[in-house]
Amino acid sequence: MTAIHPQPRPHSRIHWRTPITMVVLLGILVGGAWWGWNSLIDSSAEPTCVEQKLPNNRLVPKQVVVNVYNGGAKAGTAAAVAEVLTKRGFHVAKIANEPKGDKIDVVSVRGAAENSPELLLVAGQLRQKALIEGDGRTDHTVDLVVGRGYTALKPKGLASVTVPPDSTVCLPVIHTPQPIPSGQNPN
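Bear in mind the structure is a predicted one, so any value in this text is a computation, not a measurement.

**Q** I'd love a proper account of the overall build of the protein, names of residues and values included.
**A** A count of helical and extended segments in the protein gives three helices and nine strands. Beginning at the N terminus, the succession of helices and strands in the protein can be written as α-β-β-β-α-β-β-α-β-β-β-β. Across the protein, every contact between residues at least 6 apart in sequence was considered, and the portion connecting residues at least 24 apart equals 78%. Total accessible area computed for the protein in this model is approximately 13100 Å², and 60% of it derives from carbon and sulfur atoms.

**Q** How would you explain the pairing of strand S4 (residues 91-97) if you had to name every residue and give the values?
**A** Note that strand S3 (residues 65-70) and S4 share six bridges and pair parallel. When the bridges of S4 are listed, Val68 appears paired with Ile95. At this point the chain moves from S3, through helix H2 (residues 77-87), to the parallel S4, and the crossover so formed is right-handed.

**Q** Give me the lowdown on a nonpolar patch on the surface, citing residues and values where you can.
**A** Together, Trp16, Ile20, Met22, Val24, Leu25 and Ile28 make up a nonpolar patch on the protein surface, roughly 660 Å² of accessible area in all. By the element assignment, Val24 lies in helix H1 (residues 17-41).

**Q** Can you break down the nonpolar core residue by residue, with the values?
**A** Among the nonpolar cores identified, the biggest contains 28 residues, and Val109 and Leu144 are the most heavily contacted of them. Of all the secondary structure elements, the ones that give two or more residues to this core are S3, H2, strand S5 (107-111), helix H3 (117-123), strand S7 (142-146) and strand S9 (168-172). Aside from chain neighbours lying at most four places away, what touches Val109 is Leu119, Val122, Ala123, Leu126, Ala130, Leu131, Ile132, Glu133, Val142, Asp143 and Leu144.

**Q** Requested: an account of the pattern of salt bridges, with residues and values cited.
**A** The full count for this structure, using the stated rule, is seven salt bridges. One salt bridge in this structure joins Lys53 and Asp166, with 3.9 Å as the shortest N-O distance. Here Lys53, found in strand S1 (residues 49-53), pairs with Asp166, found in the loop between strand S8 (161-162) and S9; they are 113 residues apart in sequence, far enough to count as distant. Asp166 sits in the exposed class, given a relative accessible area of 65%. Note that Arg137 and Asp135 form a salt bridge whose closest N and O atoms lie 2.6 Å from each other. For Arg137, a relative accessible area of 16% corresponds to the buried category. Among the ionic contacts, a cluster of salt bridges with common partners joins Glu98, Arg110 and Glu133.

Cut-off values and rules
- Residues numbered from 1 in each chain as written.
- Predicted model: local features only at pLDDT ≥ 70, side-chain atom pairs only at ≥ 80, totals over all residues.
- Heavy atoms only, no water.
- Helix = DSSP H or I, 4+ residues; strand = E, 2+ residues; numbered from the N terminus.
- Contact = heavy atoms within 4.5 Å.
- Areas by Shrake-Rupley, 256 points an atom, 1.4 Å probe, with all protein chains shown as cover.
- Pairing = 2+ DSSP bridges.
- Right-handed = clockwise from strand over helix to strand, strands pointing away.
- Patch = residues over 30% accessible without salt bridge, like charges linked within 9 Å, V, L, I, M, F, W, Y side chains within 5 Å.
- Salt bridge = Lys/Arg side-chain N within 4 Å of Asp/Glu carboxyl O.
- Core = buried A, V, L, I, M, F, W, Y, C linked by side-chain atoms within 4.5 Å.
- Buried < 20%, exposed > 50% of the residue type's maximum accessible area, 1.4 Å probe, protein only.

Below is the structure:
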């Protein structure tokens, strides 16, 4: 005995939730990629240096940012050199061991170009002949690397360096720490 039961009809209803979710997620992915690319290309980061004409065509220590690195000298030498340079008016940004781990024989001065005035001013503080290296950096900071044979700075270093008249020099942006108002948490 076979009863005839109506057979269920196949569901012809299309499930739209999955394709719609995929389209929305793809739109978010494309939008995020577009935003990331534009952020990379049109960076609104502040400039690393500012082109300026120098008064009296002279570059002075207060306009130079120096990183002092220990490249094989005894411990504490970089800090001692940085302290003297700070007293002479230089802005010391970093005091550390040489970032690449290089060991220097005497002393090395690195910066934008071998003849850039900021390198010549820092080299003018040294008693010994320095190896001057231009590495094409755009921020115009100077790295002073003291090595095993380093002895001392000159008792009175070079006070300024002359630049050609009516020329501009790219000076690093110097960030001075702002005092924290009383009662506010710095974090």
